[in-house]
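Geometric and topological summary
The residues making up each chain are set out below.
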Amino acid sequence: FFVFFFQAEDGIRDVERSRGLGDVYKRQTFMFGNAIKVTPVLEDHTSTLISYFPNSDWYEFPSLKKVMSYNPNSKEGKNLTLVCGLENENINVHLKGGVILPYQSAPLADTSITAITKLKSLPISLIVIPDHDEKANGKVFYDEEQSLEKLTYHDYSLTLANSEIIVKLMGGNPQYKYMGLDRKISQITVINAKKYKDTLCAKAFNLRGQAIELNFKYEAADEKLVLTAKSGNLDIEDLTKVIWSNSKCQSHIYHINTKSVSYTHLTLPTKAQVQISVVA
């Protein structure tokens with residue numbers, strides 16, 4: 001009860017001021033954080049629901065189909081009619097534009113997936129949902145959950161700007177080694193990605209500044225760009241950024257001023273300048 005109440009209250013405050021618990025029930029919707037909107041069915045024999053969506057870009061999950069677009073000329077949102085019912089297999093979960101969302105996929109037959117240890121054995125995927133300014137932000141948090149020692153966790157921020165995702169360690173101990181396989185990234189999906197349809201190159205960069213060439217595929221029907229590693233999965237603990245462009249991948253010579261440049265939590269030694277050859 002308390003979890004749902006405060007999630008609903010916090011979510012509504014992100015949209016407009018709530019008038020109390022009765023208002024929460026009347027709206028029949030709540031938000032997890034500022035990105036995931038859930039509209040449950042609370043009455044019998046209900047085939048449709050009317051739910052308020054604040055002024056933003058909104059996408060249905062898991063289809064990632066766009067259901068509402070941001071209106072720059074208005075502060076008001078819209079009431080949308082949602083189809084519900086088991087026969088339609090609609091769960092009415094929606095994602096807000098401007099976020100990078102980590103998630104995990106598992107076989108439907110696996111009934112033990114709720115166990116934390118099982119979740120740690122699965123890689124994550126990232127859904128990147130640019131907002132109307134082509135920006136998005138997200139977080140990934142890892143904790144061993146076995147020790148009372150401080151700093152046995154990693155807190156990463158993910159930031160999209162143009163065609164680049166920056167990964168930074170924002171909290172925790174850089175020396176701590178998280179062992180779960182959920183630190184691996186199996187796929188990155190950028191939606192509403194029509195502007196990236198002519199992508200010719202995609203790369204990831206590790207803490208040593210080395211480039212890792214990625215597979216990429218633009219799916220025109222859904223207007224999404226899908227990025228995957230050519231071998232294995234990307235390790236978020238050894239990742240600084242992911243980029244893609246409409247230029248062909250080439251070999252480059254990067255000049256890095258190590259007095260001011262650092263990769264996540266690894267600071268390069270102080271020298272006037274170093275020259276690094278990267279095969280992209």
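Here, the structure is the one placed above.
So, a few notes on the structure that sits alongside this text. (Residues numbered from 1 in each chain as written. Predicted model: local features only at pLDDT ≥ 70, side-chain atom pairs only at ≥ 80, totals over all residues. Heavy atoms only, no water.)

**So, the nonpolar core**
Nonpolar side chains tend to gather and get buried jointly when the protein is soluble and globular. Membership of the largest hydrophobic core comes to 31 residues, with the highest contact counts inside it found for Ile188, Val242 and Trp244. Contributing elements (two or more residues each) for this core: strand 9 (124-129), strand 10 (135-143), strand 11 (153-161), strand 12 (164-172), strand 13 (184-191), strand 14 (201-205), strand 16 (224-229) and strand 18 (241-245). What isoleucine 188 contacts, discounting residues up to four positions off in sequence, is Leu126, Val128, Ile165, Leu225, Val226, Leu227 and Val242. With nine residues, the next largest nonpolar core counts Tyr59, Leu64, Val99 and Ile127 among its residues. (Core = buried A, V, L, I, M, F, W, Y, C linked by side-chain atoms within 4.5 Å. Buried < 20%, exposed > 50% of the residue type's maximum accessible area, 1.4 Å probe, protein only. Helix = DSSP H or I, 4+ residues; strand = E, 2+ residues; numbered from the N terminus. Contact = heavy atoms within 4.5 Å.)

**With respect to the packing of aromatic side chains**
Evaluated as defined, the whole model comprises seven aromatic pairs. Ring centres of phenylalanine 141 and tyrosine 153 lie 5.3 Å apart, and the angle between their planes is 20°; on these two criteria the pair is classed as stacked. Placement of phenylalanine 141 in strand 10 and of tyrosine 153 in strand 11 is noted, with a sequence separation of 12 residues between them. The class of phenylalanine 141 is partly exposed, set by a relative accessible area of 49%. (Phe/Tyr/Trp six-rings, centres within 6.5 Å; stacked < 30°, edge-to-face > 60°.)

**Overview of the environment of asparagine 137**
With respect to the helices, strands and loops of the structure, asparagine 137 is situated in strand 10. Here asparagine 137 falls in the partly exposed class, since its relative accessible area comes to 45%. In contact with asparagine 137, not counting residues within four places along its chain, are Gly98, Val99, Ile100, Leu158 and Thr159. Within the local environment of asparagine 137, its side chain forms a polar contact with the side chain of threonine 159, the two groups lying 3.5 Å apart. (Polar contact = N/O pair within 3.5 Å; in protein donor to acceptor, adjacent residues only side chain to side chain.)

**Section: the pairing of strand 13**
Looking at chain direction, strand 9 and strand 13 are connected through five bridges and run parallel. In the strand pairing of strand 13, serine 125 is matched with glutamine 187. Judged from the two bridges that link them, strand 13 and strand 17 (residues 234-235) form a sheet pairing that is antiparallel. Of the residues in strand 17, the one forming a bridge with isoleucine 185 is leucine 234. Relative to strand 16, strand 13 runs antiparallel, the two being bridged by four bridges. Following the sheet pairing, threonine 189 is matched in strand 16 by valine 226. (Pairing = 2+ DSSP bridges.)

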